[in-house]
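# Structural description and commentary
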Amino acid sequence: MQINSPISKITLEGRDFYVKRDDLIDPYLAGNKYRKLYTLLQTPANKFSKIISYGGTQSNAMLAIAAMCKAKKWKFTYYTKPISQNQKDENIGNYFHSIKLGMQHVEIEHEFYRDFIASLRLNLDEKTFVIDQGGAVQQAKEGLRVLADEIRALNLHVKSLATPSGTGTTALFLALTLPEYKVYTTPCVGDVAYLKEQMSMLHDIPNNLIILKPEKKYHFAKPYLEFLEIQKKLLECEIEFDLLYAPGLWKCLLEQTDEEIIYIHSGGVTGNESMLKRYEQKGLKP
Ligand SMILES: *Cc1c(COP(=O)(O)O)cnc(C)c1O
């Protein structure tokens with residue numbers, strides 16, 4: 001597996017950007033999920049026999065964990081709330097690929113879900129490891145330190161970075177390990193206050209981390225024509241980005257910054273197939 005991801009230079013709306021190609025690390029285990037799982041990936045395969053996680057069935061983290069478990073020959077059990085038969089029957093998207101990689105999917109009824117997740121760590125044997133939703137783990141630190149080393153080693157004159165936020169783990173640890181860089185991010189799930197709250201649970205937010213506020217309120221994983229349009233412009237630069245996180249940040253960067261920036265590609269392009277289908281169903285076309 002390729003560790004040191006390459007860098008591309010693109011021109012978007014007349015501005016130069018560098019893109020750290022973490023999307024090219026692996027088809028399924030890529031982007032910030034690769035960085036977050038880095039410590040586990042370095043763990044000898046015989047240390048664990050089973051990984052447990054939970055969350056949404058379109059999640060990029062789920063697919064990355066499934067790919068890791070396949071490579072390590074670890075069993076992978078993933079808990080979710082009940083999902084539709086339609087989704088189970090789909091032959092595209094993250095869920096489909098995760099099942100193909102050997103993921104065991106278990107549905108938990110809504111009324112029991114919360115308590116069930118809260119009790120996951122009770123009575124665990126030492127060969128089982130639980131990864132919390134989205135992989136928001138302290139272990140993410142080590143993988144992001146490796147990414148930080150790669151960025152420093154580029155020796156570019158550019159001193160601004162950008163990466164989109166869900167939990168904010170990636171942006172936060174990146175800013176902490178690279179204090180000499182500015183790190184731009186924006187909340188793609190919830191608003192600025194929610195993102196700050198999430199980050200603060202992990203660490204104090206450093207001054208070099210700049211949270212850009214989107215000009216319009218976007219709901220996570222909903223189709224927006226302007227997201228599709230910006231993704232298309234980026235495709236013309238020959239890089240595919242995901243449709244959930246990247247477009248929101250690119251919009252903020254174009255609207256609210258003017259310097260050269262290194263954008264850290266956070267992966268997630270495997271989710272585009274099913275997302276594009278939803279755009280189509282809504283009749284949205286660029
Ligand atoms: C998970 C994910 C994010 C969010 O990462 P956090 O560390 O939770 O902020 C951003 N982009 C993509 C493509 C992702 O899959």
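### Focus: the side chain of lysine 72
Summarising the element assignment, lysine 72 is placed in helix α3 (residues 60-72). Among buried Asp, Glu, Lys and Arg side chains, lysine 72 stands out as unpaired, with aspartate 26 the closest opposite charge at 13 Å. Setting aside its immediate chain neighbours within four residues, lysine 72 contacts Leu40, Leu41, Gln42, Thr43 and Ala45.

### Some points on the sheet that holds strand β1 (residues 7-12)
With mixed pairing, 6 strands are arranged side by side in an open sheet as β1-β2-β10-β7-β8-β9. Of all the strands in the sheet, just β1 and β9 (209-211) have a single pairing partner and so form its edges. Adjacent strand axes in the sheet meet at a mean angle of 30°, parallel and antiparallel pairs treated alike. Pairing geometry for strand β2 (residues 15-20) and strand β10 (residues 261-264), over 4 bridges, is parallel.

### What about the environment of asparagine 46?
For asparagine 46, the position within the fold is in the loop between α2 (38-42) and β3 (50-54). On the basis of relative accessible area, asparagine 46 is assigned to the exposed category, the value being 59%. The spacing of asparagine 46 and tryptophan 74 is 28 residues in sequence and 8.8 Å in space, taken between C-alpha atoms.

### Brief notes about the domain arrangement of the chain
Segmentation of the chain into domains returns domain 1 (7-27 + 141-281) and domain 2 (35-135). Taken together, the contacts link 19 residues of domain 1 with 12 residues of domain 2. Around 1300 Å² of area is buried between domain 1 and domain 2 when both sides are counted, 53% of it from carbon and sulfur atoms. Contact with domain 2 buries surface across domain 1, with Thr270, Glu273 and Ser274 losing the most and accounting together for 30% of the total. Across the salt bridge formed by lysine 277 and glutamate 90, the nearest N and O atoms sit 3.4 Å from each other. Counting across the interface, domain 1 meets domain 2 through 4 residue pairs in polar contact (both at pLDDT 80 or more). Put simply, the parts of the chain that give the side of domain 1 that touches domain 2 at least two residues each are α7 (140-154), α8 (169-177) and α12 (272-281).

### Brief notes about the pattern of salt bridges
Taken as a whole, this structure holds 17 salt bridges when the rule is applied. Where arginine 35 meets aspartate 22, a salt bridge forms, and the shortest distance between an N and an O atom there is 2.8 Å. Taken together, the positions of arginine 35 in helix α1 (residues 31-36) and aspartate 22 in the loop between β2 and α1 put the pair 13 residues apart, joining distant regions of the chain. Grouping residues by exposure puts arginine 35 and aspartate 22 together as buried. Note that glutamate 150 and arginine 35 form a salt bridge whose closest N and O atoms lie 3.1 Å from each other. With a gap of 115 residues between them, glutamate 150 in helix α7 and arginine 35 in helix α1 connect regions that are remote in the sequence. Here glutamate 150 matches arginine 35 in class, with each residue buried. One continuous salt-bridge network, built from bridges that share partners, spans Glu142, Arg145, Asp149, Arg152 and Glu180.

### A closer look at the environment of lysine 50
With respect to the helices, strands and loops of the structure, lysine 50 is situated in strand β3. Along the chain, lysine 50 and tryptophan 74 lie 24 residues apart, while their C-alpha atoms are 5.0 Å from each other. Among residues more than four places away in sequence, those in contact with lysine 50 are Lys75, Thr77, Lys127, Thr128 and Phe129.

### Some remarks on the packing of helix α10 (residues 225-236) against α12
At a closest axis distance of 11 Å, the pairing of α10 and α12 adopts a crossing angle of 130°. By the angle between their directions, the pair α10 and α12 is classed as oblique. In the crossing of α10 with α12, the sense of the turn from one axis to the other is left-handed. Counting all contacts with α10, which are made through Leu225, Phe227, Leu228 and Gln231, the residues of α12 involved are Asn272, Leu276 and Tyr279.

### Description of the site of the ligand
The ligand sits among 16 residues. The nearest are Lys33, Asn60, Gly166, Thr167 and Thr170. Measuring from an oxygen atom of the ligand, one finds a backbone N or O atom of glycine 166 at 2.7 Å. Serine 266 is positioned such that a nitrogen or oxygen atom in its side chain is 2.8 Å from a nitrogen atom of the ligand. Protein burial of the ligand: of its 390 Å² of free accessible surface, 97% is covered by the chains. For the shell around the ligand, the secondary-structure elements that each account for two or more residues are α1 and α8. The element best represented in the shell around the ligand is α1, accounting for 3 residues. When its residues are assigned to classes, the shell around the ligand shows 2 nonpolar, 11 polar and 3 charged.

Parameters at a glance
Residues numbered from 1 in each chain as written. Predicted model: local features only at pLDDT ≥ 70, side-chain atom pairs only at ≥ 80, totals over all residues. Heavy atoms only, no water. Helix = DSSP H or I, 4+ residues; strand = E, 2+ residues; numbered from the N terminus. Buried < 20%, exposed > 50% of the residue type's maximum accessible area, 1.4 Å probe, protein only. Lys, Arg positive; Asp, Glu negative; His and termini not counted. Salt bridge = Lys/Arg side-chain N within 4 Å of Asp/Glu carboxyl O. Contact = heavy atoms within 4.5 Å. Pairing = 2+ DSSP bridges. Axes fitted to C-alpha atoms, helices over the stretch in contact; angles between N-to-C directions. Domains from an automatic or database assignment. Buried area = accessible area lost by both parts, 1.4 Å probe. Polar contact = N/O pair within 3.5 Å; in protein donor to acceptor, adjacent residues only side chain to side chain. Parallel < 35°, antiparallel > 145°, perpendicular 65-115°, else oblique. Left-handed = near helix turned anticlockwise from the far one by under 90°. Near = heavy atom within 4 Å. Areas by Shrake-Rupley, 256 points an atom, 1.4 Å probe, with all protein chains shown as cover. Nonpolar A, V, L, I, M, F, W, Y, C, P; charged D, E, K, R; others polar.

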